[in-house]
Amino acid sequence: MIITVTMNPAIDKTVDLVHFEHGSLNRLTNVIIDAGGKGINVSKTIKELGGETIATGFIGGSGGVLIEKVLKEQGIKSDFVQVSGETRTNLKVVEQNGFVTELNEPGPVIKQEEIDLLTEKLLGYAGADTLFVIAGSIPNGVDKNIYKELIIKLKEKGAKVFLDADGDLFVNSLEAKPDIIKPNRSELEEYFSMDYRANEEELIKMGNKLLDKGIGMVAISLGQMGALFLSKDQSIRCPGLKVEAHSTVGAGDAMVAALSYSIDKGYDFEESVKLGIATSAGAVTTKGTKPPSRDLVDKLKAQVTAVNI
Ligand SMILES: Nc1ncnc2c1ncn2[C@@H]1O[C@H](COP(=O)(O)OP(=O)(O)OP(=O)(O)O)[C@@H](O)[C@H]1O
Ligand SMILES: O=P(O)(O)OC[C@@]1(O)O[C@H](CO)[C@@H](O)[C@@H]1O
């Protein structure tokens, strides 16, 4: 069973315009609304791949009602803790030249009793056959050690944890040894305090240092360049696929979804990473944070090259 945890969900409002003029009136050419937040995107993508998840986290207010409604319509199970604050709206501005500017709200203030309720809920699901996907930022009022503490408790109950977070949340959580992580290039460079663009050899070295800490798999996503997938037994480089990009928002979530789905299905390493590349490349072709169709993913998967490194 896969449980996604989105502590800071969002209504994603993706707006298109020709060119963003800073300090001027900008007329939009298209507006799309999605139920978003990283874990929720993972749930949406796994559903499209043919899998099942339960989407959890904090939701509140009219945004929360909309997210639950959309998930229900899409046949995705959810079990959120209702909070007194309002779920945020994040604005994604897509220009004709492909530039995407993201304006993410901080999210509501969460009370201690709401945190306790979510922790209890998650521990209730935890067991040897459970994979938790903990992804994205945390709202106000939540301590930056929350992911670390949760991972420790979930692992004590035999569950596996896939962590996708950045900044302090990422740094703190590594101490709890999540089973899988998916840093992108800049998250890794920041963690290792590199003030220049790391080359592939350096990225692999940094990834291997994380494996030495006890993390089972490190997927380093490199945008259109593809990704590096490292584990103690096997490491693979996959170049990115050439696709017509509309919005790269959610590409990382699509990769997290495909890897989680593969683990749940018991796919081998190479099969899993190929699905990861295909699903994430498919995600950039869709508008907003809509997941790619399974048909498209299968077509793209046939084009993925996996090179052992
Ligand atoms: N322009 C692109 N063309 C093809 N594939 C892409 C492109 N951008 C991203 N991808 C695919 O998506 C994966 C994840 O992208 P990226 O490294 O940008 O993740 P991320 O920074 O976590 O993204 P986000 O936080 O916006 O979801 C890449 O490894 C790649 O397979
Ligand atoms: O502010 P966070 O939690 O880091 O990221 C939230 C977010 O940008 O991530 C998803 C794309 O990955 C979007 O659906 C959502 O708006």
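Residues numbered from 1 in each chain as written. Chains lettered and ligands numbered in written order. Predicted model: local features only at pLDDT ≥ 70, side-chain atom pairs only at ≥ 80, totals over all residues. Heavy atoms only, no water.

As recorded by an unreviewed UniProt entry, the protein chain carries the name Tagatose-6-phosphate kinase and is attributed to Mobilisporobacter senegalensis. Quoted verbatim from the Pathway (unreviewed entry) field of UniProt, the annotation for the protein chain is "Carbohydrate metabolism; D-tagatose 6-phosphate degradation; D-glyceraldehyde 3-phosphate and glycerone phosphate from D-tagatose 6-phosphate: step 1/2." UniProt's Function (unreviewed entry) comment on the protein chain is quoted here verbatim: "Catalyzes the ATP-dependent phosphorylation of fructose-l-phosphate to fructose-l,6-bisphosphate." (UniProt positions renumbered as here; feature names shortened; annotations may be inferred.)

Observations concerning the overall build of the protein chain
Within the protein chain, the secondary structure is distributed over ten helices and 15 strands. Taken over C-alpha atoms, the radius of gyration comes to 18 Å for the protein chain, in line with the 19 Å a tight globule of 309 residues would show. A principal-axis box enclosing the C-alpha atoms of the protein chain has dimensions of 50 × 45 × 40 Å. Each of the 309 residues in the protein chain was classed as buried or not, and the buried ones make up 52%. Residue pairs in contact within the protein chain that sit at least 24 positions apart in sequence constitute 66% of those at least 6 positions apart. Carbon and sulfur atoms form 49% of the exposed surface of the protein chain, whose accessible area is close to 14000 Å². When the 35 basic and 43 acidic side-chain charges of the protein chain are each reduced to a single mean position, those positions are 2 Å apart. (Helix = DSSP H or I, 4+ residues; strand = E, 2+ residues; numbered from the N terminus. Rg over C-alpha atoms; globule rule 2.2 N^0.38 Å. Buried < 20%, exposed > 50% of the residue type's maximum accessible area, 1.4 Å probe, protein only. Contact = heavy atoms within 4.5 Å. Areas by Shrake-Rupley, 256 points an atom, 1.4 Å probe, with all protein chains shown as cover. Lys, Arg positive; Asp, Glu negative; His and termini not counted. Charge placed at Lys NZ, Arg CZ, Asp CG, Glu CD.)

Describing the sheet that holds strand β2 (residues 10-17)
The strand order across the open sheet formed by four strands is β3-β2-β7-β8, and the pairing between neighbours is mixed. Edge positions in the open sheet fall to β3 (30-36) and β8 (100-103), since each of these has one partner strand only. Neighbouring strand axes in the sheet, compared pairwise and without regard to direction, differ in orientation by 20 degrees on average. Of the strand pairs in this sheet, strand β7 (residues 88-95) and β8 are connected by four bridges, and their pairing is antiparallel. Each residue of the ladder has a partner; that of Lys92, found in β8, is Glu102. (Pairing = 2+ DSSP bridges. Axes fitted to C-alpha atoms, helices over the stretch in contact; angles between N-to-C directions.)

Re the nonpolar core
Core analysis: the biggest nonpolar cluster contains 43 residues, and Met7, Phe132, Ile134, Tyr147 and Leu154 have the highest contact counts within it. Here Tyr147 is in contact with Met7, Ile134, Ala135, Gly136, Ser137, Ile138, Leu163, Ala165, Leu169 and Ser173, once residues within four sequence places are set aside. Core analysis: the second largest hydrophobic core is formed by 31 residues, Val42, Ile46, Ile236 and Val297 among them. (Core = buried A, V, L, I, M, F, W, Y, C linked by side-chain atoms within 4.5 Å.)

Some remarks on the UniProt feature "domain: Carbohydrate kinase PfkB" (unreviewed entry) in the protein chain
Within the UniProt annotation, "domain: Carbohydrate kinase PfkB" (unreviewed entry) is assigned to residues 6-292. Annotated as 38% helix and 23% strand, the span residues 6-292 places its first and last C-alpha atoms 20 Å apart.

Describing the packing of aromatic side chains
According to the stated counting rule, one finds three aromatic pairs in the structure shown. Ring plane angle 90 degrees and centroid distance 5.0 Å describe the contact between Tyr191 and Phe192, whose orientation is recorded as edge-to-face. On the basis of relative accessible area, Phe192 is assigned to the partly exposed category, the value being 23%. Ring centres 6.1 Å apart and planes at 85 degrees place the aromatic pair Tyr261 and Tyr267 in the edge-to-face group. According to the relative accessible area criterion, Tyr267 is partly exposed, its value standing at 31%. Counting every residue linked through ring pairs, the aromatic cluster contains Phe170, Tyr191 and Phe192. (Phe/Tyr/Trp six-rings, centres within 6.5 Å; stacked < 30°, edge-to-face > 60°.)

A closer look at the packing of helix α4 (residues 146-156) against helix α5 (residues 167-174)
For the pair α4 and α5, interaxial distance at closest approach is 7 Å and the crossing angle is 30 degrees. As for how α4 packs across α5, the hand of that crossing is right-handed. Contacts between α4 and α5 involve Tyr147, Lys148 and Ile151 from the first element and Leu169, Asn172 and Ser173 from the second. Partitioned by chemical class, the residues of the contact of α4 with α5 number three nonpolar, two polar and one charged. (Left-handed = near helix turned anticlockwise from the far one by under 90°. Nonpolar A, V, L, I, M, F, W, Y, C, P; charged D, E, K, R; others polar.)

So, unusual backbone geometry
The backbone of Lys177 sits at a positive phi, close to 55 degrees, despite the residue not being glycine. Checked against the element boundaries, Lys177 lands in the loop between α5 and β11 (180-181). Its identity is not glycine, yet Ser193 carries a phi of approximately 50 degrees, on the positive side. You can see Ser193 is positioned in the loop between α6 (185-191) and α7 (200-212). When its relative accessible area of 65% is taken as the criterion, Ser193 is described as exposed.

Re the site of ligand 1
Taken together, 21 residues lie around ligand 1, and Asn184, Ser221, Gly223, Gly226 and Ser280 are the ones closest in. One of the backbone nitrogen or oxygen atoms of Ala251 is found 3.4 Å away from an oxygen atom of ligand 1. Between Gly252 and ligand 1, the recorded distance is 2.9 Å, taken from a backbone N or O atom to an oxygen atom. Protein chains shield 86% of the accessible area of ligand 1, which is 630 Å² for the free molecule. Of all the secondary-structure elements, those providing two or more residues to the shell around ligand 1 are β13 (226-231), α8 (251-265) and α9 (269-284). Its residues placed into classes, the shell around ligand 1 shows nine nonpolar, nine polar and three charged. (Near = heavy atom within 4 Å. Polar contact = N/O pair within 3.5 Å; in protein donor to acceptor, adjacent residues only side chain to side chain.)

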